[in-house]
Protein chains: 2
Amino acid sequence: MSELKGACIIGQSGGPTAVINASALGVIRTALDTPCITRVLGAAHGIKGVLEDKLYDMDQEFAEELEYLKYTPSSALGSCRYKLADPEVDDTDYKRILEIFKKYDVRYFFYNGGNDSMDTCNKISKYMQGVGYECRIIGVPKTIDNDLNGTDHCPGFASAAKYIATSCAEIWQDAHVYDTGMVTIIEIMGRHAGWLAGSAALASLSGCGPDLVYLPETDFDMDQFIQDVTDTYKKNGNCIVAVSEGIHYADGTFVSEAKTSSTDGFGHAQLGGLATMLADIVKQKTGAKVRGIELSLLQRCGSHIASKTDIDEAFLAGKAAVEAAVSGTTDKMVAFECSRGVDGYTCKTVLQPLDIVANFEKKVPREWINAAGNGVEQPFIDYALPLIQGEPERPTENSLPRFVRLKKVLTCKD
Amino acid sequence: MSELKGACIIGQSGGPTAVINASALGVIRTALDTPCITRVLGAAHGIKGVLEDKLYDMDQEFAEELEYLKYTPSSALGSCRYKLADPEVDDTDYKRILEIFKKYDVRYFFYNGGNDSMDTCNKISKYMQGVGYECRIIGVPKTIDNDLNGTDHCPGFASAAKYIATSCAEIWQDAHVYDTGMVTIIEIMGRHAGWLAGSAALASLSGCGPDLVYLPETDFDMDQFIQDVTDTYKKNGNCIVAVSEGIHYADGTFVSEAKTSSTDGFGHAQLGGLATMLADIVKQKTGAKVRGIELSLLQRCGSHIASKTDIDEAFLAGKAAVEAAVSGTTDKMVAFECSRGVDGYTCKTVLQPLDIVANFEKKVPREWINAAGNGVEQPFIDYALPLIQGEPERPTENSLPRFVRLKKVLTCKD
């Protein structure tokens, strides 16, 4: 494969994670250090930045400042949720992307996101091949949900899992302070896969795990749930429940959207989230003191309790993307292949076809969930525990987070 | 003052904080090392443990294990919200306490809590003096709300403030990821005083502060609030609001409890908290994308992001209590006297009369809040910033919190 000289673009897409910027740094740092990559451009708000010719010149940033990307949550370049049209139906966007690629002689495109981002990569790649414009395109995965196919796990998941497990352990301490009982219901992200909700169970290694964990991989039964909570509460005088926002009844209806006996009788929609709603139902049915807690955005942006393993792997994924592209690869997504043997945990990057993630959400295997559907089994713990290891450096100023401060010099001002 | 030999009891009361156990350690460690204190007893669930003769023998704990108290949130001995009767009306409890004190030859009583705990100390002290039983009684303050009178600040506040400021900075990053705007409303604890809500503004030192901050020290006006949010949103394309759970209208009604235009028209009570309710109103009035986030229990039990200054001072308060008692003092609460001069921050312990906290909640001075009542001024920052400094050691196992594991050997089994 002959050396391909030209600029590269890195874009970020989809919802924030604690380590998506570590992947961006992996791309940017490696690209800046690669002679055949003549210029490194950061797309403002993902593919929208390409379409709008809003590109930051990453060569203008201070090298030391870029390092702070490792410890800054959310997407430092800005993100988007823009879906490209089918090029056979409407190729306007693709023509524009080609125009921009030509304008800056872009020969490398790295896109950092979830399923939709891999789809975007795939479509752009096919289009460029169709028009005969040589550009190597590699996807760098991210999602806290961990539901991407073709990879052992996904950068972003582990830090969210660590935030959740740590918070659950602390809530456990708080919820056991009085000798009067309490039911605590913790709502956790993950609409279709229970990786994050299951991670609450890691807190059991601190002796502070939830008593019950409900994942969207099994059907939810409200009566059984109330029975589970009542039984645990009677036995322990306390009950901590971790519940995925995506739990649903057997007919597929999300519990959070369903009308239940806790509506006010006029069928008005519930305000507040699932935790509040379940807390209300449990209170009505058991008379116990109940508290609903939604971990909300904090679980995906809580970089102060990130996993060092996650940060390092996220960086590695970005670096591997550039190295693969420079060595001639295109049309691939970086993925992880891991082993968790007697010799400990190892993780290496591999390359997967971009469409491996399409139309498939990786769920928690049924056998990793207990028979009753209210807890996870040891294989889940064995899978997730290595991923949350290690405390990052975590730079601070005034004991507050020191996030990256990019100059964001726009190329269109050239 | 002659040396007083005898046992001591340490009890914890009221809601959890991240560092109340550091104060307990300050008492326990110092008491164990003090020859005239013959036995150190921990009351299970505060004064209830005394009444029920449920006392843990702290001499039975491993010294190294006790050190973990510094990093364990909530009350390791258990807490209560038990209010002693007026002894002139009903002295049953007091007789029982005297009986227990005599049983174990208790000559020192340390109580770690908020206003009510100081009241408990005061009542017991007066009773013991009345019946001629010599026992030295010292209160050790704690509350995340920071509303105790007679002390510069209160152990527990700073760690909650740090959790809040750090979380707000991270939420800021998350909320600025898209180029489509968003309004984020963050609900913060503090029913009557705005110390915690104001602490959200510390995040501005990370460049990630809230645009608007509402404290319960000023009257809340819903129309003005909507105007503030709309103006900020129009100007910045984004708006982050920190709001105390205790905001209230001019007539004193809590906003969280008031009927508003966001009720469903049948006047049904809102489910969910204040953040959800305000988010709903802002959404209706502005059409913006809005998210409500309740920091909930996490802000008071998030020991993983505790302030080292807070931990050290909490320990110091416990230590000072024992030293004061041993040297002959009784009927006092440990308090802090601080200076924030050009030479930096210093903090020393002083002793205050127990009733100094009674019937007085220390509020944020009006002049520390801006004229519009939607932000805090520099003096607030200057006050709070030194308190959140320093990262504690934070012991972990498997990268998860390693909390204290007490044996809790009951003396009644003697």
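The rules behind these values
- Residues numbered from 1 in each chain as written.
- Chains lettered and ligands numbered in written order.
- Predicted model: local features only at pLDDT ≥ 70, side-chain atom pairs only at ≥ 80, totals over all residues.
- Heavy atoms only, no water.
- UniProt positions renumbered as here; feature names shortened; annotations may be inferred.
- Pairing = 2+ DSSP bridges.
- Helix = DSSP H or I, 4+ residues; strand = E, 2+ residues; numbered from the N terminus.
- Axes fitted to C-alpha atoms, helices over the stretch in contact; angles between N-to-C directions.
- Contact = heavy atoms within 4.5 Å.
- Buried < 20%, exposed > 50% of the residue type's maximum accessible area, 1.4 Å probe, protein only.
- Least-squares fit on C-alpha atoms with pLDDT ≥ 70 in both.
- Right-handed = clockwise from strand over helix to strand, strands pointing away.
- Expected span 1.5 Å × (residues − 1).
- Arc of directions from axis to C-beta.
- Polar contact = N/O pair within 3.5 Å; in protein donor to acceptor, adjacent residues only side chain to side chain.

- For chain A, the name recorded in an unreviewed UniProt entry is Pyrophosphate--fructose 6-phosphate 1-phosphotransferase, with Flavonifractor hominis as its organism.
- Per its UniProt entry, chain A bears the Subcellular location (unreviewed entry) comment "Cytoplasm".
- In its Catalytic activity (unreviewed entry) section, UniProt records this for chain A: "beta-D-fructose 6-phosphate + diphosphate = beta-D-fructose 1,6-bisphosphate + phosphate + H(+)".

### Brief notes about the sheet that holds strand E1 (residues 6-12) of chain A
Residues and elements named next belong to chain A.
Working step 1: Pairing is mixed in the open sheet, where seven strands are placed in the order E3-E2-E1-E4-E5-E10-E11. This sheet does not close on itself; its edge strands, each paired only once, are strand E3 (55-57) and strand E11 (344-353). Pairwise comparison of adjacent strand axes, ignoring direction, gives a mean angle of 30 degrees for this sheet.
Working step 2: Packed on one face of the sheet, helix H1 (residues 20-32) meets E1, strand E2 (37-43), strand E4 (106-113) and strand E5 (136-141) and runs near 175 degrees to E1.

### Quick word on the environment of Ile388(A)
Working step 1: Looking at where Ile388(A) falls in the secondary structure, it is placed in the loop between helix H12 (378-384) and strand E12 (396-397).
Working step 2: On the basis of relative accessible area, Ile388(A) is assigned to the buried category, the value being 0%.
Working step 3: A C-alpha to C-alpha distance of 6.4 Å links Ile388(A) and Thr309(A), two positions 79 residues apart in sequence.
Working step 4: Beyond its immediate stretch of four places on either side in the chain, Ile388(A) contacts Ala158(A), Ala161(A), Lys162(A), Leu202(A), Ser307(A), Asn398(B), Ser399(B) and Leu400(B).

### Things to note about the relation of the copies chain B and chain A
Working step 1: Each copy of the sequence occupies a distinct position, and chain B is placed on chain A by a rotation of 180 degrees and an axial shift of 0.0 Å, giving an RMSD of 0.0 Å. These values place the two chain copies in the arrangement generated by a two-fold rotation axis.
Working step 2: Residue by residue, 100% of the interface of chain B is reproduced at the interface of chain A, so both copies engage with the same surface.

### Focus on the pairing of strand E2 (residues 37-43) of chain B
As a general feature of sheets, a regular strand has side chains that alternate between the two faces.
Residues and elements named next belong to chain B.
Working step 1: In terms of residue burial, E2 counts as a mostly covered element, since five of its seven residues are buried.
Working step 2: Summarising the sheet, strand E1 (residues 6-12) and E2 pair through five bridges and their orientation is parallel. Note that in E2 the partner of Ala7 across the bridge is Arg39.
Working step 3: A crossover links E1 with its parallel partner E2, the connecting element being helix H1 (residues 20-32), and its sense is right-handed.
Working step 4: Note: E2 against strand E3 (residues 55-57), three bridges, orientation antiparallel. Note that in E3 the partner of Leu41 across the bridge is Asp57.

### Looking at helix H4 (residues 92-103) of chain B
Residues and elements named next belong to chain B.
Working step 1: The terminal C-alpha atoms of H4 lie 17 Å apart, and with 12 residues this matches the ideal 16 Å at 1.5 Å per residue to within 8%.
Working step 2: For H4, every residue scored as buried is listed here: Asp93, Tyr94, Ile97, Leu98, Ile100 and Phe101. An end-on view of H4 places all buried positions within 165 degrees of arc, on one side of the element.

### Here's the deal with the UniProt feature "binding site: substrate" (unreviewed entry) in chain A
All names here are of chain A.
Working step 1: When the UniProt feature table is mapped to this numbering, "binding site: substrate" (unreviewed entry) covers Thr143, Ile144, Asp145, Met189, Gly190, Arg191 and Glu245.
Working step 2: Along the chain, the position of Thr143 falls in the loop between E5 and helix H6 (157-175).
Working step 3: For Thr143, a relative accessible area of 10% translates into the label buried.
Working step 4: Here Thr143 is in contact with Thr17, Leu148, Cys154, Pro155, Gly156 and Phe157, once residues within four sequence places are set aside.
Working step 5: At a separation of 2.9 Å, a polar atom in the side chain of Thr143 contacts the main-chain amide nitrogen of Asp145.
Working step 6: Examined against the element boundaries, Glu245 turns out to sit in the loop between strand E8 (239-244) and helix H9 (274-286).

### Brief notes about the environment of Asp231(B)
All names here are of chain B.
Working step 1: By the secondary structure assignment, Asp231 is in helix H8 (residues 222-236).
Working step 2: Its relative accessible area of 40% is what places Asp231 among the partly exposed residues.
Working step 3: Residues Asp231 and Asp145, 86 residues apart in the sequence, show an inter-C-alpha distance of 31 Å.

### Regarding unusual backbone geometry
Residue and element names in this part refer to chain A.
Working step 1: Its identity as a non-glycine residue notwithstanding, Asp331 has a phi of 65 degrees, on the positive side.
Working step 2: Of note, Asp331 is situated in the loop between helix H11 (308-326) and strand E10 (332-341).
Working step 3: Assessed through its relative accessible area of 19%, Asp331 is described here as buried.
Working step 4: Backbone geometry at Ser399 places phi at a positive 65 degrees, although glycine is not the residue there.
Working step 5: Its place among the elements puts Ser399 in the loop between E12 and strand E13 (400-401).

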